[in-house]
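In case you want the letters, here they are:
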Amino acid sequence: MALERTFVMLKPDCVKRRLVGEVISRIEKKGYKITDIKMSELDEAFVREQYSHLIGRSFFPELLKYMTSGPVIGMVVEGESAVRIMRKLIGATRVADAEPGTIRGDFAFTDTENVVHGSDSPENAELEINRFFRYKVPSKV
Ligand code: DAT
Ligand code: MG
């Protein structure tokens, strides 16, 4: 076991459905510490970077529309094996595979709107933390 940090993002449906407290509570009750947090709106450029591995997939336009549909909350979550264990707490990507007891298993009902993001490796966690906390959405005016 190793002390790690990961990037967790509460997605637009999580904020809209007032599940922010519920999800943060689960993370804290598991024993993890939130060491940074910020609410932000994402733009297309950010989503294209964050999900570059999915550009070209049939569902990408839907994912882009969803991720830019409202504010998100990004967090740095720190603790033992935070990357792997947060992914377990979050549950599987596809709604039909997400087990009850996981965040997605309990709250997600579509493949796109799945409540929460967690980094899939320590390397990606660092990239995603830097991207989110440094990113400034360009002003529209
Ligand atoms: P995860 O979020 O579990 O790391 P991912 O990185 O493969 O999964 O995909 C990022 C997001 O894209 C995922 O949370 C929801 C959406 N997505 C992935 N696969 C999908 C699919 N087959 N249909 C619809 N949306 C999908
Ligand atoms: Mg992923």
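Each remark here, short or long, concerns the structure printed above.
Colleague: Looking at this structure, how should I read the side chain of Asn-114?
Modeller: Checked against the element boundaries, Asn-114 lands in the loop between helix 6 (103–107) and strand 4 (116–118). We classify Asn-114 as buried; its relative accessible area is 4%. A polar atom in the side chain of Asn-114 sits 2.7 Å from the side chain of Lys-11. Sequence-distant contacts of Asn-114, that is, excluding residues within four places in its chain, are made with Lys-11, Asp-13, Tyr-66, Thr-93, Arg-104 and Ala-108.

Colleague: How do you make sense of the pairing of strand 1 (residues 3–10) when you look at a structure like this?
Modeller: Looking along a regular strand, one sees the side chains alternate between the two faces of the sheet. Where strand 1 and strand 3 (residues 72–80) come together, 8 bridges link them in antiparallel fashion. Counted as the bridge partner of Thr-6 is Val-77 from strand 3. Relative to strand 4, strand 1 is paired through 3 bridges, and the arrangement is antiparallel. Pairing of Leu-10 across the sheet is with Val-116, part of strand 4.

Colleague: When you look at the packing of aromatic side chains in this model, what are you seeing that I'm missing?
Modeller: The description of an aromatic ring pair rests on the distance of the ring centres and on the angle between the ring planes. Enumeration according to the criterion identifies 4 aromatic pairs in this entry. Note on Phe-46 and Tyr-135: the rings are 5.1 Å apart at their centroids and 70° apart in plane angle, and the pair reads as edge-to-face. In this pair, Phe-46 sits in helix 3 (residues 44–50) while Tyr-135 sits in the segment after helix 7 (122–134), placing the two residues 89 residues apart along the sequence. Here the aromatic residues Phe-7, Phe-46, Phe-132, Phe-133 and Tyr-135 are joined through ring pairs into a cluster of three or more.

Colleague: Mind showing me how you'd approach the site of ligand 1 here?
Modeller: The environment of ligand 1 is formed by 13 residues, the closest being Lys-11, Arg-87, Thr-93, Arg-104 and Asn-114. Between ligand 1 and Lys-11, the relevant distance is 3.0 Å, taken from an oxygen atom to a side-chain nitrogen or oxygen of the residue. Within the complex, the protein chains bury 86% of what would otherwise be the 520 Å² of accessible surface of ligand 1.

Thresholds applied
Note that residues are indexed from 1 along each chain, following the sequence as it is written. Lettering for chains starts from A, numbering for ligands starts from 1, and both go in the order in which the items are written. In keeping with the model being predicted, local features are shown solely for residues with a pLDDT of at least 70 and side-chain atom pairs are shown and tallied solely at 80 or more, while totals for entire chains, interfaces and linings include all residues. Water and hydrogen atoms were dropped before computing side-chain values, which therefore reflect all heavy atoms in the structure. Segments assigned H or I by DSSP are reported as helices when at least four residues long, segments assigned E as strands when at least two residues long, and all are numbered from the N terminus. Partly exposed describes any residue whose relative accessible area lies between the buried limit of under 20% and the exposed limit of over 50%, with all areas from a 1.4 Å probe on protein chains only and scaled to the type maximum. Here a polar contact is taken to be a pair of N or O atoms separated by no more than 3.5 Å, where protein atoms must pair a possible hydrogen donor with a possible acceptor and residues adjacent in sequence count only if both atoms sit in side chains. Note on definitions: a residue-residue contact is assigned when non-hydrogen atoms from the two residues lie within 4.5 Å. What makes two strands pair is DSSP finding at least two bridges between them. Working definition: rings of Phe, Tyr and Trp (its six-membered ring) pair if their centres are within 6.5 Å, and the pair is stacked with planes under 30 degrees apart, edge-to-face with planes over 60 apart, and tilted otherwise. When at least one non-hydrogen atom of a residue lies within 4 Å of a molecule or strand, that residue is treated as near it. Surface accessibility follows the Shrake-Rupley procedure with a 1.4 Å probe radius. Residue values consider only the protein chains on display as shielding.

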